[in-house]
Amino acid sequence: MTYQNAEQNAASTLSRRELMHRAAVLGLVSLPLVRGAGLAQTTPAPAPTSPTTGAAADYKLSLAGLAPVTILQNTSARKGNKAVWPLLAGISIAQVEIPQGTWRSTHYHTNSSELAVIVQGQASAGLQTPDQTWLELELAAGDCVYFPLGWPHWLRNTGNEVLHTYFNYGHEQPATVEVQD
């Protein structure tokens, strides 16, 4: 059996949903949201380039100075991505605040992994492996959790105060697919 035939044989054993999911993770198609809520925008990651010049101020971004954007369930984020910081190449960051008793609902990214850092508060994190197993972790200030590319995940505030986090991405314009629960 040739390598190409082995690849074709493996693809024929996957479900249509799994094939579409893998194609979306690779940036080959736009993936509809689970249960038909809309379309995800997939942006392939360009090869990072190093800046060649610029003023010192070009290399600084004040996340606190950005207007917060409301995500779902009253969660707010200040996003340091290519749209607000053109110098970025291959990375981005979001300063996220999750009110007490709420969560950043289930979603995944089609073009980036994510590293969440808990700055203040307590949280639970959930992430779904490729075999559909859900893993749950308890987190406190100073803890980090890694969400691999394409894995559905969520973060819930389990403390008695606003949860302050930083979400770090391996793409300057991460594409997010919201999963309807």
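For the structure given in this document, a descriptive report is provided here. Because the structure is predicted, anything quoted here is derived from the model rather than measured.

### Comments concerning empty space enclosed by the protein
Inference 1: Throughout the structure, instances matching the rule amount to 1 cavity of 30 Å³ or more.
Inference 2: Approximately 30 Å³ is the volume found for the largest cavity.
Inference 3: Considering the residues around the largest cavity, the lining is formed by Arg 104, His 107, Glu 114, Ala 116, Phe 147, His 153, Trp 154, Leu 155 and Phe 167.
Inference 4: Contributions of two or more residues to the lining of the largest cavity are made by strand 4 (103-109), strand 5 (114-120) and strand 9 (153-157).
Inference 5: Looking at which element gives the most residues to the lining of the largest cavity, the answer is strand 9, with 3 residues.
Inference 6: Looking at the lining of the largest cavity, its residues break down into 5 nonpolar, 2 polar and 2 charged.

### Examining the nonpolar core
Inference 1: With 17 residues, the main nonpolar core has Leu 139, Leu 155 and Phe 167 as its most contacted residues.
Inference 2: The set of elements that each furnish at least two residues to this core consists of strand 3 (92-98), strand 5, strand 6 (122-128), strand 8 (144-147) and strand 10 (163-169).
Inference 3: Apart from residues lying up to four places away in sequence, Leu 155 is in contact with Ile 98, Trp 103, Arg 104, Ile 118, Ala 123, Ser 124, Ala 125, Leu 139, Leu 163, Thr 165 and Phe 167.

Calculation rules
- The written sequence of each chain sets the order in which its residues are numbered from 1.
- Totals for whole chains, interfaces and linings use every residue, but because this is a predicted model, local features are given only for residues with pLDDT of at least 70 and side-chain atom pairs only at 80 or more, for both listing and counting.
- Computation of side-chain values: all heavy atoms of the structure, hydrogens and water removed.
- Two kinds of site are reported from a 1 Å grid over the protein atoms alone, namely cavities, where a 1.4 Å probe fits but cannot get out, and pockets, open sets with protein on both sides within 12 Å along at least five of seven lines, and residues are called lining when an atom falls within 4 Å of a point.
- Grid points are joined across faces, edges and corners, and a volume is the space filled by probe spheres set on the points.
- Only DSSP runs of H or I reaching four residues or more are called helices, and only runs of E reaching two or more are called strands; each is numbered from the N terminus.
- Note that Gly is not counted as nonpolar here; it falls among the polar residues with everything else outside the nonpolar set of Ala, Val, Leu, Ile, Met, Phe, Trp, Tyr, Cys and Pro and the charged set of Asp, Glu, Lys and Arg.
- Buried residues of nine kinds, namely Ala, Val, Leu, Ile, Met, Phe, Trp, Tyr and Cys, make up a nonpolar core once their side-chain atoms join them within 4.5 Å.
- Each residue is assigned to one of three classes by its accessible area relative to the maximum for its type, calculated with a 1.4 Å probe on protein chains only: buried under 20%, partly exposed between the two thresholds, exposed over 50%.
- Two residues form a contact once any of their heavy atoms are found within 4.5 Å.

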